[in-house]
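Per-entry structural report
What follows is each chain in one-letter form.
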Amino acid sequence: MIRCFVSFLFVTLTVFTAPAQDNPKTEASSENAQKKEEEKESAPPVTKTNQVTIDGVLVEYEVTAATISLPDPKDPEADRADVFYTSYVVAPDEDAEDRPIAFCFNGGPGSSSVWLHLGGLGPRRVKLDEAGAGTTLPPPPYGVVDNEFSILDVVDLVFIDPVSTGFSRAEDTEERGSFHGLEGDIESVGAFIHQYCSAHGRWDSPKYLIGESYGGIRAAGLSEFLQERFGMYLNGIVLVSALLDFSTILFHQGNDTPYILFLPSYAATAAYHGASTAASPEEAYESAHEFAFGDYANALLKGNTLDPETETLIAEQLVQFTGLEADDIRRANLRPDAFYFRKMLLRSQGKSVGRFDARVLGIDPDKAGTYPDYDASGAAVMGPFSSAMNHYLREEIGF
């Protein structure tokens with residue numbers, strides 16, 4: 001129940017007989033290794049107790065901020081990377097191992113888990129402008145507050161930062177690219193889950209994955225990896241605005257799928273900003289959905305064989321749904337992509353629509369272009385989330 005992501009390097013070494021103390025590279029390497037060990041020693045795991053009220057029920061929990069080291073399969077004595085995580089476990093009792101646990105991550109690609117962590121699922125959330133419902137950027141300072149919508153009352157939570165995000169780092173910076181590909185990412189996150197369950201006695205717990213955006217690809221890959229590599233079976237996967245099929249988002253010539261899928265969202269956005277005649281965003285979405293998967297899809301399927309009369313009718317309906325001007329619709333060949341729509345919807349007002357949250361508007365001074373100058377919705381959350389996460393982990397938890 002939910003309430004509402006190697007190059008193999010050969011280096012030819014010329015061996016000299018000069019003493020080590022005369023070799024600056026050796027000295028630097030030694031200093032870096034010592035510094036790394038000191039950093040590890042200064043950041044041990046930290047566990048705090050806290051409580052939150054969810055759906056009227058007081059939930060007591062332990063929050064832990066820590067890292068798990070992934071061993072190098074080629075050298076059991078060495079580590080490949082340190083993976084940072086934040087876990088929330090409801091106060092243990094005799095049935096603790098039977099309590100479900102969910103491993104959560106965002107996508108990006110290249111994103112930490114801060115968005116699901118402090119933006120939806122965890123027991124603490126970023127304090128945003130309540131009056132603006134997150135659509136306006138409040139001035140600093142920010143901070144966190146209790147999250148009454150957390151799902152911690154029904155499942156323990158582990159938020160994972162994949163290597164190179166958050167505080168997770170590869171031991172060898174030259175090898176960090178090996179974690180960024182599909183297989184390397186899945187293997188490292190899968191190894192983390194395996195080690196976490198082993199270290200914390202959660203092998204017999206019902207296990208779930210919660211992946212957002214490109215985290216949907218990670219979740220799909222992990223389900224197979226965990227099963228085949230470790231014999232670890234999952235009880236379920238939750239996909240949050242997930243990407244599984246790139247053809248649904250790539251506005252390429254010959255691929256009409258995203259134009260059909262995005263149209264209902266265009267209609268809801270236009271209605272929200274008063275750019276269409278729809279009574280509400282909900283009504284606009286439903287009507288556009290029926291049109292998109294009916295007459296609109298059939299028209300796009302005909303390609304250049306579409307007769308002029310039908311083309312005109314489709315263009316007129318697109319104008320009504322999207323709020324775009326008829327000339328803009330025709331220039332786009334009945335196929336306005338998401339960037340074009342964000343640019344053109346309120347172009348006459350010198351504003352563009354947010355990419356992640358279409359309620360957010362940004363200043364768009366270049367009225368002659370076809371691509372938004374920047375994403376106002378990203379700018380509205382980056383500062384508050386970054387500031388709140390750093391404060392929360394360092395000051396409130398003490399990591």
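Everything numeric in this text was worked out from a predicted model, so none of it was measured.

Moving on to the pattern of salt bridges. Under the criterion given, the structure shown has eleven salt bridges. Among the ionic pairs, R331 bridges to D328, the shortest N-O distance being 2.6 Å. Highlighted residues: R331 and D328, both in helix α8 (residues 326–331), separated by three residues, approximately one helical turn. We classify R331 as exposed; its relative accessible area is 57%.

This paragraph deals with the environment of E290. Examined against the element boundaries, E290 turns out to sit in helix α6 (residues 281–301). Relative accessible area serves as the criterion here: at 65%, E290 is assigned to the exposed category. For E290 and P264, which are 26 residues apart along the polypeptide, the C-alpha to C-alpha distance reads 8.7 Å.

For the coordinates displayed, the defined rule picks out 19 aromatic pairs. Plain terms: the ring middles of F84 and F399 are 5.0 Å apart, the flat faces sit at 55° to each other, and that makes the pair tilted. Remark: F399 occurs in the segment after α10 (376–397) and F84 occurs in strand β3 (residues 75–90); sequence separation between them is 315 residues. Pairwise contacts between aromatic rings join F251, Y259, F262, Y266 and F341 into one cluster.

With that settled, consider helix α3 (residues 182–199). In a regular helix each residue adds 1.5 Å, so 18 residues correspond to 26 Å; α3 covers 26 Å between its end C-alpha atoms and thus fits that length. G184, D185, I186, S188, V189, G190, A191, F192, I193, Y196 and C197 are the residues of α3 that are buried. Following α3 by one or two positions, G201 adopts a phi angle in the positive range, close to 65°.

Attention shifts here to the nonpolar core. Ranked by size, the top nonpolar core spans 32 residues in total, and within it L263, F291, Y296, I314, L318, L334 and L345 carry the most contacts. Elements with a minimum of two residues in this core: α5 (257–272), α6, α7 (308–322) and α9 (338–344). Not counting chain neighbours up to four residues away, the residues in contact with I314 comprise F291, D295, Y296, A299 and L334. If you look at the next biggest cluster of nonpolar residues, it comprises 30 residues, including A65, F159, F385 and A388.

Moving on: the packing of α5 against α7. Between α5 and α7, whose axes approach to 7 Å, the crossing angle comes to 50°. The orientation of α5 relative to α7 falls into the category oblique. For the pair α5 and α7, the contacting residues are L263, Y266, A267 and A270 in the first and L318, F321 and T322 in the second. Looking at the contact of α5 with α7, its residues break down into six nonpolar, one polar and no charged.

The element strand β4 (residues 101–105) is largely enclosed, with a buried count of five among its five residues. Every second residue of β4 is oriented toward a common face, with I101, F103 and F105 on one face and A102 and C104 on the other, all of them buried. Pairing geometry for β4 and strand β7 (residues 156–161), over four bridges, is parallel. Counterpart to C104 in the pairing with β7 is F159. Two strands pair when backbone bridges link them, and β4 and strand β9 (residues 207–212) are joined in this way by five bridges, in the parallel orientation. Its bridge partner lying in β9, I101 is registered against K207.

Another point: the side chain of S111. Counting through the fold element by element, S111 comes out in the loop between β4 and α2 (114–121). A distance of 3.2 Å separates a polar atom in the side chain of S111 from a polar atom in the side chain of W115. Those residues in contact with S111 that sit more than four places away from it in its chain are N106, P162 and T165.

This next bit is on a nonpolar patch on the surface. Together, I237, L239 and L244 give the surface a local cluster of nonpolar side chains, amounting to about 260 Å² of exposed area. We classify I237 as partly exposed; its relative accessible area is 38%.

Moving on, we come to the pairing of strand β2 (residues 57–72). Put simply, side chains in a regular strand alternate between the two faces of the sheet. As paired strands, strand β1 (residues 46–54) and β2 are joined by nine bridges and run antiparallel to one another. Within β2, the position partnered with K48 by the bridge is V63. Following β1, the chain reverses through two residues before pairing antiparallel with β2; D55 in that reversal takes a positive phi of roughly 55°. Pairing analysis gives twelve bridges linking β2 to β3, with the strands arranged antiparallel. Bridge pairing in β3 links S69 to D82. With antiparallel pairing between neighbouring strands as the criterion, β2 and β3 make up a hairpin whose turn holds two residues.

Rules behind the numbers
- Counting from 1, residues in each chain are numbered in the order their sequence is written.
- In keeping with the model being predicted, local features are shown solely for residues with a pLDDT of at least 70 and side-chain atom pairs are shown and tallied solely at 80 or more, while totals for entire chains, interfaces and linings include all residues.
- Values shown for side chains rest on all heavy atoms present in the structure; no hydrogens or waters enter the calculation.
- Between Lys or Arg on one side and Asp or Glu on the other, a salt bridge is scored when a side-chain nitrogen of the former is within 4 Å of a carboxyl oxygen of the latter.
- Secondary structure follows DSSP: runs of H or I at least 4 residues long count as helices, runs of E at least 2 residues long count as strands, and numbering of each begins at the N terminus.
- Accessibility here uses a 1.4 Å probe with only protein chains present; expressed as a share of the type maximum, an area under 20% marks a residue as buried, one over 50% as exposed, and anything in between as partly exposed.
- We call Phe, Tyr and Trp rings a pair once their centres come within 6.5 Å, taking the six-membered ring for Trp, and we label the pair stacked below 30 degrees between planes, edge-to-face above 60, and tilted otherwise.
- A helix is expected to span 1.5 Å for every residue after the first.
- Definition of nonpolar core: a set of buried residues of the types Ala, Val, Leu, Ile, Met, Phe, Trp, Tyr and Cys, connected through side-chain atoms within 4.5 Å.
- Residue contacts are counted whenever heavy atoms from the two residues lie within 4.5 Å of one another.
- With axes taken as lines fitted to C-alpha atoms, and helix axes fitted only over the stretch in contact, angles between N-to-C directions fall between 0 and 180 degrees.
- In this scheme, roughly parallel covers angles under 35 degrees and roughly antiparallel covers those over 145, while 65 to 115 is roughly perpendicular and the rest are oblique.
- For this scheme, ten residues count as nonpolar: Ala, Val, Leu, Ile, Met, Phe, Trp, Tyr, Cys and Pro. Four count as charged, namely Asp, Glu, Lys and Arg, and the remainder, Gly too, count as polar.
- Being paired, for any two strands, means DSSP has found at least two bridges between them.
- The definition of a polar contact used here is a pair of N or O atoms within 3.5 Å, where within protein one atom must be able to donate a hydrogen and the other to accept one, and adjacent residues in sequence count solely through side-chain atom pairs.
- Patch members must show over 30% relative accessible area and no salt bridge, and they are joined within 9 Å when carrying like charges or within 5 Å when they are nonpolar side chains of Val, Leu, Ile, Met, Phe, Trp or Tyr.
- For every accessible area listed, the method is Shrake-Rupley and the probe measures 1.4 Å; residues are considered covered only by the protein chains on display.

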